[in-house]
Amino acid sequence: MAEGTTNIRYSIIVPVFNAQPYLKSCVDSLLVQAHKHYEVLLIDDHSTDDSGAICDQYAAAYPQVRVHHLPSNQGASAARNLGIQEARGTYILFVDADDFWKGTQILNELDDLIASRAPDIILHPVIRYYAPRQMESQFFPEGITNHGFFGEHFEELVYQGVFAPSPWDKIIKRELLTNHHLFFPQGVRAEDMKWCADLVPPLSTYALFPSAFYHYRQGGGGSVTQNLTSQHVENVFEMIRNGLSQVRQADASLKTGLENYWATNFIDLLMFYPLLNKKARVKIKPYLKEWAYLIRKGRSKKMDQVARMSRVIPYSLLPNALFAYSRLRQLQKRMKTYL
């Protein structure tokens with residue numbers, strides 16, 4: 001177990017909102033680390049259950065745990081942003097309050113990687129956790145370049161799905177976030193999508209950490225991931241529109257990778273287009289036609305699958321086909337949690 005909070009190497013930020021059923025499992029999995037110099041920042045987003053009290057209990061019992069209580073419910077972005085501002089570690093990690101780690105040597109093993117590479121960002125795989133015997137492991141593909149200059153390998157990382165729109169699979173230098181004001185957008189859903197794209201320009205070096213220690217709980221009640229709504233899908237649309245516009249101003253070495261990144265996220269807009277209300281559909285439909293060029297092979301493995309579908313399914317029917325596929329996958333996931 002870690003002791004003390006001097007010379008902190010890692011700051012683990014946990015946004016907490018009504019996560020009582022899973023919170024202890026999450027925090028306990030962090031506190032078993034054999035590393036001596038890390039801190040756990042529990043940011044209580046004005047929970048209405050006992051999550052805030054549980055956070056206080058951990059802070060009272062463990063010197064490496066610090067708690068901040070937001071005065072009102074402001075969302076995961078505000079909680080993470082406060083965590084970034086309060087962090088003291090050299091590197092920052094994010095954990096959702098209903099997820100958990102597996103292993104006691106994770107931070108020590110990261111030390112070894114950092115000692116040899118000192119990258120701006122470290123990417124690692126995750127395990128989708130449905131139940132104790134129902135898990136999907138997502139490891140890095142063989143042959144992928146495991147370290148180097150980020151700009152040189154960005155397209156490869158996007159194509160392989162290694163650089164994805166999520167914060168919990170990334171370990172980032174704190175100074176990179178604070179020096180470039182890389183905070184999460186507040187007041188919108190799908191904020192991770194934009195935040196990850198904003199990370200790209202200032203990144204110089206990267207490394208891959210092959211351990212799939214992070215368990216991403218599926219179907220939990222305390223996750224920052226909520227049921228999709230029309231407003232959520234509209235936020236995705238706005239982020240893609242702004243992101244594609246910004247691609248034109250990007251550095252030449254990053255343009256293709258960024259376009260591929262946003263094209264891969266465009267799949268989600270197509271997939272959940274049927275959830276939009278009538279007014280939003282009318283607004284967004286012309287953009288679906290304009291952005292049809294984004295559907296082509298070679299952008300990402302995920303896009304390769306959609307490009308194959310588009311050969312046999314008319315583009316106008318593709319959103320409904322993708323939506324039906326997503327519902328089937330959701331049903332399969334729910335079944336896994338009960339088996």
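These figures come from a predicted structure and were not determined experimentally. (Residues numbered from 1 in each chain as written. Predicted model: local features only at pLDDT ≥ 70, side-chain atom pairs only at ≥ 80, totals over all residues. Heavy atoms only, no water.)

*Asks:* How should the pairing of strand β10 (residues 170-173) be read in this particular structure?
*Replies:* Along a regular strand, successive side chains alternate from one face of the sheet to the other. As judged from the 3 bridges shared by strand β4 (residues 91-94) and β10, these two strands associate in the antiparallel manner. Within the sheet, the bridge partner assigned to Y91 lies in β10 and is K173. Pairing between strand β6 (residues 121-123) and β10: 3 bridges, direction antiparallel. By the bridge assignment for β10, I121 is matched with I172. (Pairing = 2+ DSSP bridges. Helix = DSSP H or I, 4+ residues; strand = E, 2+ residues; numbered from the N terminus.)

*Asks:* Would you mind going over the packing of helix α8 (residues 230-247) against helix α9 (residues 252-272) with me for this structure?
*Replies:* In contact at an axis separation of 10 Å, α8 and α9 are set at 160° when each is read in the N-to-C sense. Judged on the interaxial angle alone, α9 and α8 are roughly antiparallel. Pair α8 / α9 crosses with left-handed handedness. Mapping the contact onto sequence places V233, V236, F237, M239, I240, G243, L244 and V247 in α8 and K255, L258, E259, W262, N265, F266, L269 and F272 in α9. A per-class count over the contact of α8 with α9 returns 12 nonpolar, 2 polar and 2 charged. (Axes fitted to C-alpha atoms, helices over the stretch in contact; angles between N-to-C directions. Parallel < 35°, antiparallel > 145°, perpendicular 65-115°, else oblique. Left-handed = near helix turned anticlockwise from the far one by under 90°. Contact = heavy atoms within 4.5 Å. Nonpolar A, V, L, I, M, F, W, Y, C, P; charged D, E, K, R; others polar.)

*Asks:* How do you make sense of the pattern of salt bridges when you look at a structure like this?
*Replies:* Applying the stated rule across the entire model yields 14 salt bridges. Among the salt bridges present, the one from R80 reaches E191, with a minimum N-O distance of 3.9 Å. One end of the pair, R80, is in helix α3 (residues 76-86); the other, E191, is in helix α7 (residues 191-199), and 111 residues separate them in sequence. Each member of the pair, R80 as well as E191, carries the same accessibility label: buried. Across the pair D120 and K173 runs a salt bridge whose closest N-O atoms are separated by 3.7 Å. (Salt bridge = Lys/Arg side-chain N within 4 Å of Asp/Glu carboxyl O. Buried < 20%, exposed > 50% of the residue type's maximum accessible area, 1.4 Å probe, protein only.)

*Asks:* Explain the nonpolar core here, please?
*Replies:* One recurring pattern in soluble globular proteins: nonpolar side chains tend to sit buried together. Core analysis: the largest hydrophobic core is formed by 67 residues, its most contacted members being F163 and L269. The element contributing the most residues to this core is α9, with 11 residues. The contacts of F163, once residues within four sequence positions are left out, are I121, L123, F150, F154, L157, V158, K170, C196, V200 and Y261. Within the second largest apolar cluster, 37 residues are counted, among which are L31, I54, L107 and F213. (Core = buried A, V, L, I, M, F, W, Y, C linked by side-chain atoms within 4.5 Å.)

*Asks:* Explain the sheet that holds strand β5 (residues 100-101) here, please?
*Replies:* Note: strands within a sheet are paired through backbone hydrogen bonds, in either parallel or antiparallel orientation. Read across the sheet, 4 strands follow the order β5-β12-β7-β8 without closing on themselves; strand pairing throughout is mixed. Each having just a single partner strand, β5 and β8 (134-137) make up the two edges of the open sheet. When β5 meets strand β12 (residues 214-217), the two strands line up antiparallel, connected through 2 bridges. Of the residues in β12, the one forming a bridge with W101 is Y214.

Coordinates in, geometry out; function isn't part of it.
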